[in-house]
Amino acid sequence: MPRVVGVTETGIRRVVVGPVLRRLRVLRDDLCTMRPDPLPPSVWLRWLPHGVMWLVAFGVTIGVVASLMDGGGVGGSVAFAIGLAEGAAVVFALWRPVPAWWLSTAAMVVGALEVRRQMTAGGSHGFTWPWTAGGIVGHLAVLLLLALRVPTRVAVEALAVTLLLTYLVEGVLGAADFQPTGVLAAILFTVAVVLGAALRGRREASRALVEQTTLTAEERARRTLLEERSRIARELHDVVAHHMSVISIQAQVAPHLVENPSEELRDNLAGIRQNALEALTELRRVLGVLRAEHPEHPGPPGRSADPATGTAPHAPQPTLDRIEALVENTRAAGLTVALRFSGERRSLPSGVELSAYRIVQEALSNVLRHAPGAQAHVHIEYVPIGVVVEVANTRPTRPGPPSEGAGHGLLGMRERAAMLNGVLLAGPQQEGGYKVYAYLPASPTDADALPEPPTTTGTDPKDNTA
């Protein structure tokens, strides 16, 4: 039997005593703290709420002192100390709400006990007790500031302690010949905590919404940039892989083009071919996965063009020779486009031609998306050191539809120009409309010889609207 009793006592201790002790520890950590939690200035009113609280504190001090001295029969020095403590608690709550709540509560209890002593001695009759009107107002302000600054759990705990003290002072301790204020105070204190918790919850929800909106916009821009970089990596993979394959084939064929090649020449060419094959293998291993968005679903033969790149999945990468076809497709979409070439047309490095084509493609897409009714002008100028691309549009005839991704296409353009040590400028024109200007050097050594850019182009646009 003793063993059964011991097990039962252990079970009761685990089920009842343990949770109670944990709850008391949480209550101690929440309410026994000097942690600062200042009230920030209002967005619209700045420091006006702080000024109002100072006025409330002054009124509470005067009201409590007058009530305790006139109706409660409390001495002047004691009444002034209690009133000053309750007024100071209102101001203190602007910076440290939990200690201020303790100060206000202690001042109210001390005032109630002092008035009760005067009642017992016959010095006070018919007094509003246990809380004075000024004390109720001051504690309301303290509880409101507390609920605005601390979690709802802490505010409810402070309210529960206040209501418990009200019950103990008025209901258990009691007094003779007084007008009870405990019920009214309990109702008003509860309303203050509920109102403060609701305002705090609304403020926290608004703050969380703003943070989420900011994170979403940043994530969208980051994702757009990463997608464009992945697209550039796929295209670079194709270009570099082509050249490495050519090097490997040339190194394999070269010994057959020379009569009686020496062993040293054969060994060197074999080494070149082997290095090219190894580099090609590593390149395909690192970047080959970027060849398609979904390698496990390559799609059927004859699949239509990929909307992200404008080409079929396994089609050769576009060059400037296909600009006319791109312009024709854009005209078929309803945009009036004028195309002009200047300079001596010639073949440029694959990366330069591909980047120039993509810049024209993205710029025309932006005109279609953001400048309805405008006319576009494409100018491809071959210069001795590279190529200059200009895509301009006139003022749109009607507003374009809203687009959350406006301006993100310029990230890819700038990435392509920077990759080639080129320059890209974009912005509204003086006469209206918009212009994209890009200079792409044929080699990195020509990057410093930048042609004179147009003066009508901005440098930091947000979208392609006129």
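This write-up is about the structure you can find in this document. The shown structure was predicted, so the numbers you read here are calculated from the model rather than taken from an experiment.

A separate point is unusual backbone geometry. The linkage connecting Trp 129 with the following residue, Pro 130, adopts the cis geometry, with an omega of 15 degrees. Tracing the backbone shows Pro 130 in the loop between β1 (127-129) and α5 (133-149). Positioned with a positive phi, Asp 177 is a non-glycine residue whose angle comes to about 60 degrees. Among the secondary structure elements, Asp 177 is positioned in the loop between α6 (152-173) and β2 (178-180). Using a relative accessible area of 47% as the deciding quantity, one classes Asp 177 as partly exposed. One non-glycine residue, Asn 421, lies in the positive phi region at around 60 degrees.

The complete set of buried residues in helix α11 (residues 409-419) reads Leu 410, Gly 412, Met 413, Arg 416 and Ala 417. When α11 is viewed along its axis, its buried side chains cluster within an angular range of 160 degrees and face the same direction. Where α11 ends, the next residue or the one after it, Asn 421, has phi of about 60 degrees, a positive value.

Here the focus is the environment of Glu 114. Looking at the secondary structure, you find Glu 114 in helix α4 (residues 97-120). On the basis of relative accessibility, which here comes to 16%, the residue Glu 114 falls in the buried class. Here the alpha-carbon distance between Glu 114 and Gly 73, two residues 41 residues apart in the chain, equals 9.1 Å. When neighbours within four sequence positions are excluded, Glu 114 is seen to be in contact with Val 74 and Val 78.

What follows is about the sheet that holds strand β7 (residues 434-441). Spatially, five strands are ordered β3-β4-β5-β7-β6 in an open sheet, and the strand pairing comes out mixed. Two strands in the sheet have a free side with no partner beyond their single neighbour: β3 (336-342) and β6 (423-428). Strand-to-strand twist of the sheet, defined as the mean angle between neighbouring strand axes without regard to direction, takes the value 10 degrees. Two strands pair when backbone bridges link them, and strand β4 (residues 375-383) and strand β5 (residues 386-393) are joined in this way by eight bridges, in the antiparallel orientation. From the neighbouring strand, Tyr 382 faces β5, where its bridge partner is Val 387. Its contacts with the sheet place α11 against β6 and β7, and it is angled at close to 150 degrees to β6.

The next point concerns the packing of aromatic side chains. On inspection of all chains with the given rule, the structure shows two aromatic pairs. With centroids separated by 5.0 Å and ring planes inclined at 70 degrees, the aromatic side chains of Trp 129 and Phe 178 adopt a geometry described as edge-to-face. Remark: Phe 178 occurs in strand β2 and Trp 129 occurs in strand β1; sequence separation between them is 49 residues. Judged by its relative accessible area of 0%, Trp 129 falls in the buried class. Using a relative accessible area of 22% as the deciding quantity, one classes Phe 178 as partly exposed. Across the ring face of Phe 341, the terminal group of Arg 345 is positioned such that the distance to the ring centre comes to 3.9 Å.

In this approach, a probe sized like a water molecule rolls over the atoms, and the result shows the empty space that is left. What the rule picks out here adds up to three cavities of 30 Å³ or more. Roughly 70 Å³ of internal volume is contained in the largest cavity. Lining the largest cavity we find 14 residues, and of these Glu 86, Met 108, Gly 111, Pro 130 and Thr 132 sit closest to its centre. A total of five residues in the lining of the largest cavity trace back to one element, the largest contributor, which is α4. Grouping the constituent residues of the lining of the largest cavity by class yields ten nonpolar, three polar and one charged. Each pocket or cavity is described by its volume, and for the second largest cavity that value is around 40 Å³. In this structure, the second largest cavity is lined by Ile 232, Glu 235, Leu 236, Gly 351, Leu 354, Ser 355, Arg 416 and Met 419.

Attention now moves to the pattern of salt bridges. All chains considered together, the criterion is met by eleven salt bridges. Glu 157 is the partner of Arg 153 in a salt bridge, and the nearest nitrogen-oxygen pair spans 3.9 Å. Pair noted here: Arg 153 and Glu 157 are both in helix α6, with a separation of four residues, about one helical turn. For Arg 153, a relative accessible area of 39% puts it in the partly exposed group. Judged by its relative accessible area of 5%, Glu 157 is buried. As a salt-bridge pair, Glu 219 and Arg 222 come within 2.8 Å of each other at their nearest N and O atoms.

Thresholds applied
Residues numbered from 1 in each chain as written. Predicted model: local features only at pLDDT ≥ 70, side-chain atom pairs only at ≥ 80, totals over all residues. Heavy atoms only, no water. Helix = DSSP H or I, 4+ residues; strand = E, 2+ residues; numbered from the N terminus. Buried < 20%, exposed > 50% of the residue type's maximum accessible area, 1.4 Å probe, protein only. Arc of directions from axis to C-beta. Contact = heavy atoms within 4.5 Å. Pairing = 2+ DSSP bridges. Axes fitted to C-alpha atoms, helices over the stretch in contact; angles between N-to-C directions. Phe/Tyr/Trp six-rings, centres within 6.5 Å; stacked < 30°, edge-to-face > 60°. Lys NZ or Arg CZ within 6 Å of the ring centre and 35° of its normal. 1 Å grid on protein atoms, 1.4 Å probe; cavity = no way out; pocket = protein on both sides within 12 Å on 5 of 7 lines; lining within 4 Å. Points joined across faces, edges and corners; volume = space filled by probe spheres on them. Nonpolar A, V, L, I, M, F, W, Y, C, P; charged D, E, K, R; others polar. Salt bridge = Lys/Arg side-chain N within 4 Å of Asp/Glu carboxyl O.

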